[in-house]
Amino acid sequence: MPTILLIEDETTLAETLHYNLEREGYTVLHAVDGVQGLELARRDRPDLLIIDIMLPRLDGFSVCRILRQESDVPMIMLTARQDEVDRIAGLELGADDYVTKPFSFGELLARIRAILRRAERRPSGGNREILDAGSLRVDTSSRRAWRNSGELTLPQKEFDLLACLMRNRGIALSRDLLLERVWGFDFLGDSRTVDVHIRWLREKIEPDPARPRYIQTVRGVGYRFEIPADEPQGVER
Ligand code: CA
């Protein structure tokens, strides 16, 4: 049976979910904050995560964003309010679904089953990921990228940079975060490396590199990927 990692700091809710999920036959792991959740997710490779948004030490959005960079494990977010902003943010960060508190166990169970069924049907060879944004398309498994239907020739770092920006569409990413994601922790260069690669990337993907539409500069922070308003908005994963 699948293993589910529950990241939830409310003891009563966590205990109830733990008990009910085990009764359904799932193996349940439980983390009480975001940092512990990340650790368990990396160490024990659960089949599905249930992540509360309001968590001590590291919030559920951050957990979702970080893990989505590393794997395609299914994630369900627990939102505390009828807050559409939270739900949309969660889904944009790569969550598969959300459940709004208070919810019935039956409702959560139905979502879990649907998502696990979907994950099983995913073609094996497994990590296929297509990122679509306006006239851009990136396939991270074959490491190919297209603008309109013309294929782009992108060196490795520019490819990784583009994929990282597209996965985090609408979110401002700092130069340090991009350095860490694309070049790795032990890279000795500085944040100007990011600026140089962004310039090269813009020359390839922007219709007018002097007036970028996809990769926006966020003053004092870094960069943000946006789909120009007059282009198709769909993102497919
Ligand atoms: Ca909470």
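Anything mentioned here points back to the structure above.
Below is a summary of the structure that appears in this document. The written sequence of each chain sets the order in which its residues are numbered from 1. The predicted nature of this model means local features are confined to residues of pLDDT at least 70 and side-chain atom pairs, given and counted, to a pLDDT of 80 or more, with totals for whole chains, interfaces and linings taken over all residues. Think of the side-chain values as coming from all heavy atoms in the structure, minus any hydrogens and water.

### Structural notes on the overall build of the chain
Stage number 1. Only DSSP runs of H or I reaching four residues or more are called helices, and only runs of E reaching two or more are called strands; each is numbered from the N terminus. Each helix and strand in the chain was counted, giving 8 helices and 12 strands.
Stage number 2. The classification of residues rests on relative accessible area computed with a 1.4 Å probe and restricted to protein chains. Under 20% of the type maximum is buried, over 50% is exposed, and intermediate values are partly exposed. Within the chain, the fraction of its 237 residues that count as buried is 47%.
Stage number 3. Contacts between residues were defined by any pair of non-hydrogen atoms, one from each residue, lying within 4.5 Å. Look at the contacts in the chain between residues 6 or more apart in sequence, and 56% of them connect residues 24 or more apart.
Stage number 4. All accessible areas in this document rest on Shrake-Rupley with a 1.4 Å probe, and a residue is counted as covered only by the protein chains that are shown. Counting every atom, the chain has about 12300 Å² of accessible surface; 48% of that belongs to carbon and sulfur.

### Focus: the side chain of Arg 167
Stage number 1. Looking at where Arg 167 falls in the secondary structure, it is placed in helix H6 (residues 156-167).
Stage number 2. Judged by its relative accessible area of 17%, Arg 167 is buried.
Stage number 3. A polar contact is formed between the side chain of Arg 167 and the side chain of Glu 129, at a distance of 2.9 Å. N or O atoms closer than or at 3.5 Å make up a polar contact, with two conditions inside protein: a donor-capable atom paired with an acceptor-capable one, and, for residues adjacent in sequence, both atoms drawn from side chains.

### Topic: the nonpolar core
Nonpolar side chains in soluble globular proteins generally cluster together in the buried interior.
Stage number 1. Nine residue types can take part in a nonpolar core, namely buried Ala, Val, Leu, Ile, Met, Phe, Trp, Tyr and Cys, and a core is a set of them joined through side-chain atoms within 4.5 Å. Formed by 29 residues in total, the largest nonpolar core has its most connected members in Leu 165, Ile 215 and Phe 225.
Stage number 2. Looking at this core, the element that brings in the most residues is H6, giving 7 residues.
Stage number 3. Not counting residues up to four positions away in its chain, the partners in contact with Phe 225 are Ala 133, Leu 136, Leu 162, Leu 165, Met 166, Arg 169, Gly 170, Tyr 214 and Ile 215.
Stage number 4. Core analysis: the second largest hydrophobic core is formed by 21 residues, Ala 31, Leu 49, Leu 55 and Met 75 among them.

### Overview of the pairing of strand S6 (residues 130-133)
Stage number 1. Side chains of S6 alternate between two faces, with Ile 130 and Asp 132 and Leu 131 and Ala 133 buried alike.
Stage number 2. DSSP-based pairing: two strands are paired if at least 2 bridges between them are found. Counting the residues between successive antiparallel strands, the hairpin from S6 to strand S7 (residues 136-139) contains 2 residues, one of them, Gly 134, with a positive phi of roughly 55°.

### Concerning the sheet that holds strand S3 (residues 48-52)
Strands in a sheet are paired, the pairing made by backbone hydrogen bonds, and the direction either parallel or antiparallel.
Stage number 1. One open sheet accounts for 5 strands, arranged S2-S1-S3-S4-S5; its pairing is parallel. The sheet is open, and its two borders are formed by strand S2 (27-31) and strand S5 (97-100), each paired with just one other strand. Averaged over neighbouring strand pairs, the angle between their axes works out to 20° when direction is ignored.
Stage number 2. Lines fitted to the C-alpha atoms define the axes, with helices restricted to the stretch that makes contact. Angles between their N-to-C directions range from 0 to 180 degrees. Along the sheet, helix H1 (residues 11-23) contacts strand S1 (3-7), S2 and S3; its crossing angle with S2, the most-contacted strand, is approximately 165°.
Stage number 3. Set on the sheet, helix H2 (residues 34-44) makes contact with S1, S2 and S3; between it and S2 the angle comes to about 145°.

### Notes on the sheet that holds strand S9 (residues 150-152)
Stage number 1. Across the sheet, which stays open at both edges, the 4 strands sit in the order S6-S7-S8-S9 with antiparallel pairing between neighbours. Single-partner strands in this sheet number two, and they are S6 and S9. Neighbour-to-neighbour, the strand axes of the sheet open up by a mean angle of 20°, direction not taken into account.
Stage number 2. Sheet topology places strand S8 (residues 144-147) next to S9; 3 bridges connect them, and they run antiparallel.

### Here's the deal with the coordination of the calcium ion
Six octahedral donors around a metal ideally sit at 90 or 180 degrees from one another, while four tetrahedral donors ideally sit at 109.5 degrees.
Stage number 1. Think of the donor list as every N, O and S atom within 2.8 Å of the metal, or within 3.2 Å for Na, K and Ca; water never makes the list, so a site can look incomplete. At 2.1 to 2.3 Å from the calcium ion lie its protein donor atoms, namely Asp 9 (OD), Asp 52 (OD) and Met 54 (O).
Stage number 2. Taking the relative accessible area as the measure of exposure, Asp 9 reaches 32% and is therefore partly exposed.
Stage number 3. According to the relative accessible area criterion, Met 54 is exposed, its value standing at 53%.

### Brief notes about the packing of H6 against helix H7 (residues 175-183)
Stage number 1. Running from N to C, H6 and H7 cross one another at 120°; their axes reach a closest spacing of 9 Å. The angle between H6 and H7 falls in the class oblique. In the packing of H6 onto H7, the handedness of the crossing is right-handed. Mapping the contact onto sequence places Lys 157, Asp 160, Leu 161, Cys 164 and Leu 165 in H6 and Leu 178, Arg 181, Val 182 and Trp 183 in H7.
Stage number 2. Residues were grouped as follows: Ala, Val, Leu, Ile, Met, Phe, Trp, Tyr, Cys and Pro as nonpolar; Asp, Glu, Lys and Arg as charged; and all remaining residues, including Gly, as polar. Here the residues of the contact of H6 with H7 sort into 6 nonpolar, no polar and 3 charged. Should an angle fall under 35 degrees it is called roughly parallel, over 145 degrees roughly antiparallel, and 65 to 115 degrees roughly perpendicular, with every other angle called oblique. By definition, turning the near helix anticlockwise from the far helix through less than a right angle yields a left-handed crossing, and turning it clockwise yields a right-handed one.

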